[in-house]
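Fold and geometry: a report
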Protein chains: 2
Amino acid sequence: MEVQMETNIHGGGDGNGSFMARCRQPLCSALDRLRSSGVGFAGKLAKIARDDPRRVAHSVKVGLALTLVSVLYYVTPLFNGFGVSTLWAVLTVVVVMEYTVGGTLSKGLNRAFATLVAGFIAVGAHQVANRCGEKGEPILLAVFVFLLASAATFSRFIPEVKARYDYGVTIFILTFSLVAVSSYRVEDLTKLAHQRFSTIVVGVFICLCTTIFVFPVWAGEDLHKLAAGNLDKLAEFLEGIESECFGENAASENLENKAFLQVYKSVLNSKASEDSLCNFAKWEPGHGKFSFRHPWSQYQKLGALCRQCASSMEALASYVTTLTKSQYPEANPELCLKVRTTCGEMSSHSAKALSELSSAIRTMTIPSPTNNHMSAAIKAANSLRSELSEDEDLLQVMHVAVIASLLSDLVTQIKKITESVDNLARLACFKNPEKTQKDVIIGIKS
Amino acid sequence: MEVQMETNIHGGGDGNGSFMARCRQPLCSALDRLRSSGVGFAGKLAKIARDDPRRVAHSVKVGLALTLVSVLYYVTPLFNGFGVSTLWAVLTVVVVMEYTVGGTLSKGLNRAFATLVAGFIAVGAHQVANRCGEKGEPILLAVFVFLLASAATFSRFIPEVKARYDYGVTIFILTFSLVAVSSYRVEDLTKLAHQRFSTIVVGVFICLCTTIFVFPVWAGEDLHKLAAGNLDKLAEFLEGIESECFGENAASENLENKAFLQVYKSVLNSKASEDSLCNFAKWEPGHGKFSFRHPWSQYQKLGALCRQCASSMEALASYVTTLTKSQYPEANPELCLKVRTTCGEMSSHSAKALSELSSAIRTMTIPSPTNNHMSAAIKAANSLRSELSEDEDLLQVMHVAVIASLLSDLVTQIKKITESVDNLARLACFKNPEKTQKDVIIGIKS
């Protein structure tokens, strides 16, 4: 009754009161859910923007470039010059605008150059086809389109072409087909080709101006920061190892959920973004501290070494999670203490060496040739080796022990793979292996 | 003289003989170089085709689809129906045709759907702008384009949108801008929008027919094969370890250049292609042994485990290269032999277990629940542990030894990173760190 009274008050006391009361609660809860999911979505968007405010700038830049290009269309004198082809400028802006300057340059130059080359070839093909009469022309044009499109598509499988000119080849096929096909009906082909090319150049020009002069995002700078960031992450892992496993205040609890044990994982997966940034960076002109011929591929080599290092850290991480302080000083306490101290030294010095390298990259100063921390880490590693090599037996047992240990670790991982395949088999309804004669007989007997 | 005589004979003995003789050699060598590089390039192309003959088929398919769509243009009755918009069908074919069916479907559906939605919104925007008079219309249209393009570009940073609808958003921006901008001048906007949409649908339809019915390449099938292939590679590594390090005929030479020690590396870098194949596979209809709702994301989970396994193999590989047969049975021969035998068992059984899983995936049969090899490998690992746990001291020393050993391995890797950064600093001409007061004084004194 209370609900109904309340409804009547709010609903103005009309005859629909009880109907509204019935509808109100589901409606409210639906609205609540909608609102909460809306708030959640807005929060997500805000987080994306906060994580990298350049994303907002990029979005505004795309809007700006498109508005600029549409001015071309609205302002009548310009429109008269370019004709309907102005639409190609709009199209160019939409597909060429990329997040980084290098990306936009790569796509823009590919597009402009491919259009030019394909246009010339297509006009030539038209001249040839034109001489074959009314009936021969479309057939010959179709054959040309088939041959060139097939050949160009195949060239995209060449790794070098794929890496730098993939977009250009697409545009080559596109322009050639469009011009060749239109040439069958359009009278003044050269004018059409000229208009189309100029509008594309205008589109590319607007894109480049917007990306370079309004809050530019340089792929090279991002690649540079990525390299320094990866070194920092590796350093963070080693610092964590030092303080949590070998330090004064080494905790004795399980380390599995510690953040530092996850930090190397993003380094392992950095290859794809590194490769694309490096590819774009090569297109960029000199900017800030980077010259045009900055050795970008060197960053790829450094990245490969960092990923290899992260791989080893993954192996190490699976061991330290089961290492607790209380566990080992009981047996052979003297040696264990010594090994532990050396391990602590190795990790702390390595971490500092990595941090030093990272800050050398960030500030673009030559890292000190006598990197003290690096030599200290190497010294610790060597002293461990020489310490152990006094006991020849122990050194050799250790080597075998490491291999055996890594192998038994592998067995555990392969067990996980088995479970994953079992899961797949269940979910994908794999068929049962064909029953052998024996199974069938057992089946009959039982 | 001999050269000249020969030239005279070949050159017909005319007065230019000596001039030709002078030119001939550089010309010949240039031609030779051209020919040899041409042969090299042809060989490279042949290898690309041989490696995967489906690439040739794909190239022919693109040519075929384009030829089909240009027929639309040449055959006059069809052309009259669609008008100049036929060019949009050509454009659609060029940009939508992808190597895999899933890729084409993903792009085609994105394109068709985005064009439809953007077209409707643009026509609505045109109606609104139309009411603002001659002067207000272009301004309002420009504002609409700016707002929608910015918002849509920002939505591309949402990971879920990026993964599946990136191309759709691009086409949305494109279509909206094109229709909104054209609406300012074109009289019959609905007819234009209708024509454009139908030509795009025709383009997508031709693409889909060609990719699905002419030698289809299914992303799902490729993903399935990639998973099985990765398992095979891991198995190959373990087989190599078994036969080269622990087997009867274990070689005593350095293993560094053995092929099996490189085989896991391609597994480490398989993430990018796996992710894109999985994304495309989700768009594909049921085909062959795969239903529409095949659990494709399960392959990503399996892939992550395989990559982790390959990471551990990388760590192991750096140890076994320095392990030679002659090295270790001297110290503690009894234990070493035992450990060695168990290592051999672990690796051979694990390799067989992996091969079994791979063949279960290939044939899509449920892997036997009592995978004998897996249990044998686990048994070997456990027996090693229990063997060693009898000697409590040894077990604990071993654990510490493994960690120390991995850490000193890391130090070596970090040394390589240092060298790589030094290289970068040299090539990129990093500046010298600012000289301290002391350096300057020494400089003056000396």
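The structure presented is a predicted model; accordingly, all values stated were derived computationally and were not measured. (Residues numbered from 1 in each chain as written. Chains lettered and ligands numbered in written order. Predicted model: local features only at pLDDT ≥ 70, side-chain atom pairs only at ≥ 80, totals over all residues. Heavy atoms only, no water.)

Let's shift gears to the overall build of chain A. Of the regular secondary structure elements, chain A holds 17 helices and zero strands. Across the 446 residues in chain A, those meeting the buried criterion constitute 49%. Expressed as a percentage of contacts within chain A between residues at least 6 apart in sequence, the contacts between residues at least 24 apart total 73%. Accessible surface for chain A amounts to roughly 21600 Å². Of this, 61% is attributable to carbon and sulfur atoms. (Helix = DSSP H or I, 4+ residues; strand = E, 2+ residues; numbered from the N terminus. Buried < 20%, exposed > 50% of the residue type's maximum accessible area, 1.4 Å probe, protein only. Contact = heavy atoms within 4.5 Å. Areas by Shrake-Rupley, 256 points an atom, 1.4 Å probe, with all protein chains shown as cover.)

Facing 144 residues of chain A, the contacting portion of chain B comprises 144 residues. Buried area between chain A and chain B, both sides added, is near 12800 Å², and the carbon and sulfur share of it is 77%. The interface formed by chain A and chain B holds two salt bridges in total. Note that E160(B) and K44(A) form a salt bridge whose closest N and O atoms lie 3.0 Å from each other. If you look at where chain A meets chain B, you find 19 residue pairs in polar contact (both at pLDDT 80 or more). By residue number, the principal contributor to the side of chain A that touches chain B is helix α16 (residues 392-427) of chain A, which donates 32 residues. Looking at the side of chain A that touches chain B, its residues break down into 93 nonpolar, 35 polar and 16 charged. (Buried area = accessible area lost by both parts, 1.4 Å probe. Salt bridge = Lys/Arg side-chain N within 4 Å of Asp/Glu carboxyl O. Polar contact = N/O pair within 3.5 Å; in protein donor to acceptor, adjacent residues only side chain to side chain. Nonpolar A, V, L, I, M, F, W, Y, C, P; charged D, E, K, R; others polar.)

It is worth spelling out the packing of aromatic side chains at this point. The geometry of two aromatic rings is summed up by the distance between their centres and the angle between their planes. Applying the stated criterion across every chain, the model contains 14 aromatic pairs over all chains. Between K107(A) and the ring centre of Y167(A), over which it is positioned, the NZ or CZ distance is 4.8 Å. Sitting over the ring of W283(B), R164(B) keeps its end group 4.8 Å from the ring centre. (Phe/Tyr/Trp six-rings, centres within 6.5 Å; stacked < 30°, edge-to-face > 60°. Lys NZ or Arg CZ within 6 Å of the ring centre and 35° of its normal.)

This brings us to the side chain of E274(A). Residue and element names in this part refer to chain A. Assignment of secondary structure puts E274 in helix α12 (residues 271-281). Taking relative accessible area as the criterion, E274 reaches 3% and is therefore assigned buried. Leaving out residues up to four positions away in the same chain, E274 has contacts with L223, L226, N230, Y299, Q300, G303, A304 and R307.

Quick look at the domain arrangement of chain A now. Residues and elements named next belong to chain A. One can read the domain layout of chain A as domain 1 (56-213) and domain 2 (219-445). Where domain 1 abuts domain 2, roughly 840 Å² becomes buried across the two surfaces, and 65% of that area is made up of carbon and sulfur atoms. Scanning the region where domain 1 abuts domain 2 turns up zero salt bridges. Taken together, domain 1 and domain 2 are joined by two residue pairs in polar contact (both at pLDDT 80 or more). Among the elements of the structure, α6 (101-130) and α8 (159-182) are those that each provide at least two residues to the side of domain 1 that touches domain 2. It is α6 that contributes the most residues to the side of domain 1 that touches domain 2, seven residues altogether. (Domains from an automatic or database assignment.)

Next up on the list: the packing of α6(A) against α8(A). Residue and element names in this part refer to chain A. Packing of α6 against α8 leaves a shortest axis separation of 7 Å and a crossing angle of 35°. The handedness of the crossing between α6 and α8 comes out as right-handed. The residues of α8 that touch α6, namely those facing K107, N110, R111, A114, T115, V117, A118, G119, I121, A122 and A125, are R164, Y165, Y167, G168, I171, F172, T175, F176, V179 and A180. Within the contact of α6 with α8, the residues separate by chemical class into 13 nonpolar, five polar and three charged. (Axes fitted to C-alpha atoms, helices over the stretch in contact; angles between N-to-C directions. Left-handed = near helix turned anticlockwise from the far one by under 90°.)

Rotating chain A by 180° and moving it 0.0 Å along the rotation axis overlays it on chain B with an RMSD of 0.1 Å. Both copies are brought into coincidence by an operation consistent with a two-fold rotation axis. Of the residues that chain A buries at the interface, 100% are likewise interface residues in chain B, meaning the two copies contact each other through the same surface. (Least-squares fit on C-alpha atoms with pLDDT ≥ 70 in both.)

Attention now goes to a nonpolar patch on the surface. Residues F113(A), L116(A), V117(A), F120(A) and I121(A) make up a contiguous nonpolar surface patch of about 490 Å² in total accessible area. With respect to the secondary-structure elements, I121(A) resides in helix α6. (Patch = residues over 30% accessible without salt bridge, like charges linked within 9 Å, V, L, I, M, F, W, Y side chains within 5 Å.)

Our focus in this paragraph is the packing of helix α7 (residues 133-155) of chain A against helix α3 (residues 54-74) of chain B. Geometry of a packed helix pair, given as the angle between the helix axes and the separation of the axes. For the pair α7(A) and α3(B), interaxial distance at closest approach is 8 Å and the crossing angle is 150°. One way to sum up the angle between α7(A) and α3(B) is to call them roughly antiparallel. Considering only the axes of α7(A) and α3(B), their crossing is right-handed. Along the contact surface, α7(A) presents P138(A), L141(A), A142(A), V145(A), F146(A), A149(A), S150(A), T153(A) and F154(A), while α3(B) presents R55(B), V56(B), H58(B), S59(B), V60(B), V62(B), G63(B), L64(B), L66(B), T67(B) and Y74(B). Taken together, the residues that form the contact of α7(A) with α3(B) break down as 13 nonpolar, six polar and one charged. (Parallel < 35°, antiparallel > 145°, perpendicular 65-115°, else oblique.)

A word on α8(A). Residue and element names in this part refer to chain A. Taking 1.5 Å of rise per residue, the 24 residues of α8 would be expected to cover 34 Å, and the 32 Å separating its terminal C-alpha atoms lies within 8% of that figure. Of all the bends in α8, the greatest, near 90°, is centred on Y165. The element α8 is extensively covered by neighbouring structure, given that 18 of its 24 residues are classed as buried. (Expected span 1.5 Å × (residues − 1). Bend = angle between axes of the 7 residues up to and from the residue.)

This part covers unusual backbone geometry. A positive phi angle, near 40°, is found at F215(A), a position not held by glycine. Tracing the chain through its elements places F215(A) in the loop between α9 (189-213) and α10 (219-246). Given a relative accessible area of 62%, F215(A) falls into the exposed group. A positive phi angle, close to 55°, is found at C429(B), a residue other than glycine. Summarising the element assignment, C429(B) is placed in the loop between α16 (392-427) and α17 (437-445).

We now examine the pattern of salt bridges. Within this structure, the stated rule accounts for 26 salt bridges over all chains. Its salt-bridge partner being R156(A), residue D166(A) comes within 2.9 Å of it at the nearest N-O pair. Taken as a pair, D166(A) in helix α8 and R156(A) in the loop between α7 and α8 lie far apart in primary sequence, 10 residues in all. Across the pair R362(B) and D232(B) runs a salt bridge, and its minimum N-O distance is 2.4 Å. Of this pair, R362(B) sits in helix α14 (residues 333-363) while D232(B) sits in helix α10 (residues 219-246); the two residues are 130 residues apart in sequence, bridging distant segments of the chain.

Here we come to the environment of A376(B). Residue and element names in this part refer to chain B. Considering the arrangement of structural elements, one finds A376 in helix α15 (residues 372-390). Judged by its relative accessible area of 22%, A376 is partly exposed. Put simply, A376 and K271 are 105 residues apart on the chain and 31 Å apart in space, counted from C-alpha to C-alpha.

Here we come to the nonpolar core. Residues F237(A), I417(A), F237(B) and I417(B) are the most contacted members of the largest nonpolar core, which totals 134 residues. Counting residues in hydrophobic clusters, the runner-up holds 96 residues, among them L72(A), V96(A), F176(B) and L189(B). (Core = buried A, V, L, I, M, F, W, Y, C linked by side-chain atoms within 4.5 Å.)

Bringing the side chain of N110(A) into the picture now. With respect to the secondary-structure elements, N110(A) resides in helix α6. With relative accessibility at 7%, the residue N110(A) sits in the buried group.

The next point concerns the environment of C132(B). Relative to the helices and strands, C132(B) resides in the loop between α6 (101-130) and α7 (133-155). Among all residues touching C132(B), those that are not within four sequence positions of it are E137(B) and L140(B).

Moving on to the confidence of the model for chain A. Residues and elements named next belong to chain A. Predicted confidence across chain A gives a mean pLDDT of 81, with 83% of residues reaching 70 or more. The least confident element of chain A is helix α1 (residues 2-10), whose mean pLDDT is 40; the most confident is α12, at 92. In this model residues 1-15 is a low-confidence stretch, pLDDT under 50, and it forms 10 contacts with partners more than four residues away in sequence or in other chains. When the criterion is pLDDT under 50, residues 436-446 qualifies, and its contacts beyond four places in sequence or with other chains add up to one contact. Two summary scores accompany this predicted model of the complex, namely pTM at 0.82 and ipTM at 0.82. (pLDDT = per-residue confidence, 0-100.)

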